[in-house]
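Residues per chain, in single letters:
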Amino acid sequence: MSQITLLKSKLALPVIGSPMFLVSNPSMVIAQCCAGIVGSFPALNARPQEEFEKWLNDIEAGLSRYRAEHPGEQPAPYAVNLIVHQTNERLQHDMDVCVRHRVPLVITSLHSPEQVVERVHGYGGLVLHDVTTMRHAKKAIAAGVDGLILVCAGAGGHAGALSPFALVNEVRAIYDGLLVLAGSITNGSAILAAQAMGCDLAYIGTRFIASDESGAVSAYKQMIVDTTAADVLYTPYFSGVSGNYLKPSIVAAGLDPDNLSGGGLDSMNIGKPKKWKDIWGSGQGVGNIDSVLPVKQIVARLREEYRQALRQLQALAQD
């Protein structure tokens, strides 16, 4: 059995909880893994950098407790997101810690993952890389990644601008490895749709912002519940890389979302918190979220929606 097949066999639902800046934390990762999906977090969320190893210790201890309390059950593996952009001054430190802990999955973003791939493969881990275009996909494939995360239009955070129908088809024409789809996936039918399009797993972030365990402040969680796709703005203003943000949070920061100037690449510094920390990201699927719930309950709802959608498709196929 290949490592990728083994990974998929360990999941109760074909989902990776995406790593979210200033939102994902050990409590959420543990809850996601124990619910049967991959839980992940950006290494940069653990500050100062010495906290990163403590977070890994806490996650591993939490998963060990779950195994002890639920004999015969195995939580899903966890993942760490490493920003491999040159502005991330912590990359070498965080990579060393990942190797020491043999992190099962490493998700790379914003630059070639070649160096990370070599080190993670050295201990038998898997590397998935975020891509938004075919050019990025080809570079990641050449670097030897184990899978691609297709960050399409409508995804939260640093999203691409391509329709998933376009990007998935073009990537599948040249690549038969693991594909993960990101972009407005907030319910079980969307997870099934990702698989129907040719992807293996769905990448879900925004739905978990509005969870009990998330590190988002209560006002952020409530804004997720209260807003719709019309409230999401796609702009490079805040980090230098185009991303989706909630307009009400931009207004609350004293800015006009319809008249942003400056920012862009000149403001880019991925490795440090910025004054934009109260500008809140969201995917366009936010209008499908109506409540703040525990992670376990969110995953249970997603599983039931997924099964219902599958039954409906099977019924259509019999007609």
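Okay, so let's go over this structure.

What counts and how
- Residues numbered from 1 in each chain as written.
- Predicted model: local features only at pLDDT ≥ 70, side-chain atom pairs only at ≥ 80, totals over all residues.
- Heavy atoms only, no water.
- Helix = DSSP H or I, 4+ residues; strand = E, 2+ residues; numbered from the N terminus.
- Contact = heavy atoms within 4.5 Å.
- Polar contact = N/O pair within 3.5 Å; in protein donor to acceptor, adjacent residues only side chain to side chain.
- Axes fitted to C-alpha atoms, helices over the stretch in contact; angles between N-to-C directions.
- Parallel < 35°, antiparallel > 145°, perpendicular 65-115°, else oblique.
- Left-handed = near helix turned anticlockwise from the far one by under 90°.
- Buried < 20%, exposed > 50% of the residue type's maximum accessible area, 1.4 Å probe, protein only.
- Right-handed = clockwise from strand over helix to strand, strands pointing away.
- Pairing = 2+ DSSP bridges.
- Nonpolar A, V, L, I, M, F, W, Y, C, P; charged D, E, K, R; others polar.
- Salt bridge = Lys/Arg side-chain N within 4 Å of Asp/Glu carboxyl O.

## Examining the environment of Arg 67
So, step 1. Counting through the fold element by element, Arg 67 comes out in helix α3 (residues 50–69).
So, step 2. Sequence spacing of Arg 67 and Cys 34 is 33 residues, and the spatial spacing of their C-alpha atoms is 9.0 Å.
So, step 3. Among residues more than four places away in sequence, those in contact with Arg 67 are Glu 73, Gln 74 and Pro 75.
So, step 4. Separated by 3.0 Å, the side chains of Arg 67 and Gln 74 make a polar contact.

## Considerations on the packing of helix α8 (residues 188–196) against helix α12 (residues 295–318)
So, step 1. Relative to each other, α8 and α12 sit at 55 degrees, their axes nearing to 7 Å. On the basis of the axis angle, α8 is oblique to α12. The chirality of how α8 crosses α12 is right-handed. Contacts between α8 and α12 pair Gly 188, Ser 189, Ile 191, Leu 192 and Gln 195 from the former with Leu 302, Glu 305, Tyr 306, Ala 309, Leu 310 and Leu 313 from the latter.

## Digging into the pairing of strand β7 (residues 178–182)
So, step 1. Burial analysis of β7 places five of its five residues in the buried class, the great majority of the element.
So, step 2. By the alternation rule, side chains of β7 split into Leu 178, Val 180 and Ala 182 and Leu 179 and Leu 181, which are all buried.
So, step 3. For the crossover that starts at strand β6 (residues 147–151), traverses helix α7 (residues 164–172) and ends in the parallel β7, the hand is right-handed.
So, step 4. With three bridges joining them, β7 and strand β8 (residues 201–204) adopt parallel strand pairing. Residue pairing in the sheet places Leu 181 in a bridge with Ala 202 of β8.

## Considerations on the sheet that holds β7
So, step 1. Taken in spatial order, the eight strands line up as β1-β8-β7-β6-β5-β4-β3-β2 in an open sheet, and their pairing is parallel. Each having just a single partner strand, β1 (15–17) and β2 (39–42) make up the two edges of the open sheet. Averaged over neighbouring strand pairs, the angle between their axes works out to 25 degrees when direction is ignored.
So, step 2. In this sheet, strand β3 (residues 78–83) lies alongside β2 in parallel orientation, the contact comprising four bridges. Note that in β3 the partner of Gly 39 across the bridge is Tyr 78.

## Comments concerning the packing of α3 against helix α4 (residues 91–101)
So, step 1. Contact geometry of α3 with α4 gives a least axis separation of 10 Å together with a crossing angle of 25 degrees. On the basis of their axis angle, the class for α3 and α4 is roughly parallel. Crossing of α3 over α4 shows right-handed handedness. Of the residues in α4, those touching α3 at Phe 52, Glu 53, Leu 56, Asn 57 and Glu 60 are Asp 94, Val 97, Cys 98, Arg 100 and His 101.
So, step 2. Split into classes, the residues belonging to the contact of α3 with α4 amount to four nonpolar, two polar and four charged.

## So, the pattern of salt bridges
So, step 1. Applying the stated criterion across every chain yields a total of eight salt bridges.
So, step 2. In this structure, the salt-bridge partner of Asp 58 is Lys 54, at a minimum N-O distance of 3.1 Å. Remark: Lys 54 and Asp 58 occur in helix α3; sequence separation between them is four residues, near one turn of the helix.
So, step 3. Taking relative accessible area as the criterion, Asp 58 reaches 32% and is therefore assigned partly exposed.
So, step 4. According to the relative accessible area criterion, Lys 54 is partly exposed, its value standing at 40%.
So, step 5. A salt bridge links Asp 290 to Arg 301, with the nearest nitrogen and oxygen atoms 3.7 Å apart. On the criterion of sequence distance, the pair formed by Asp 290 in the loop between α11 (247–252) and α12 and Arg 301 in helix α12 is long-range, its members being eleven residues apart.
So, step 6. Look at Asp 290 and you get exposed, because its relative accessible area is 55%.

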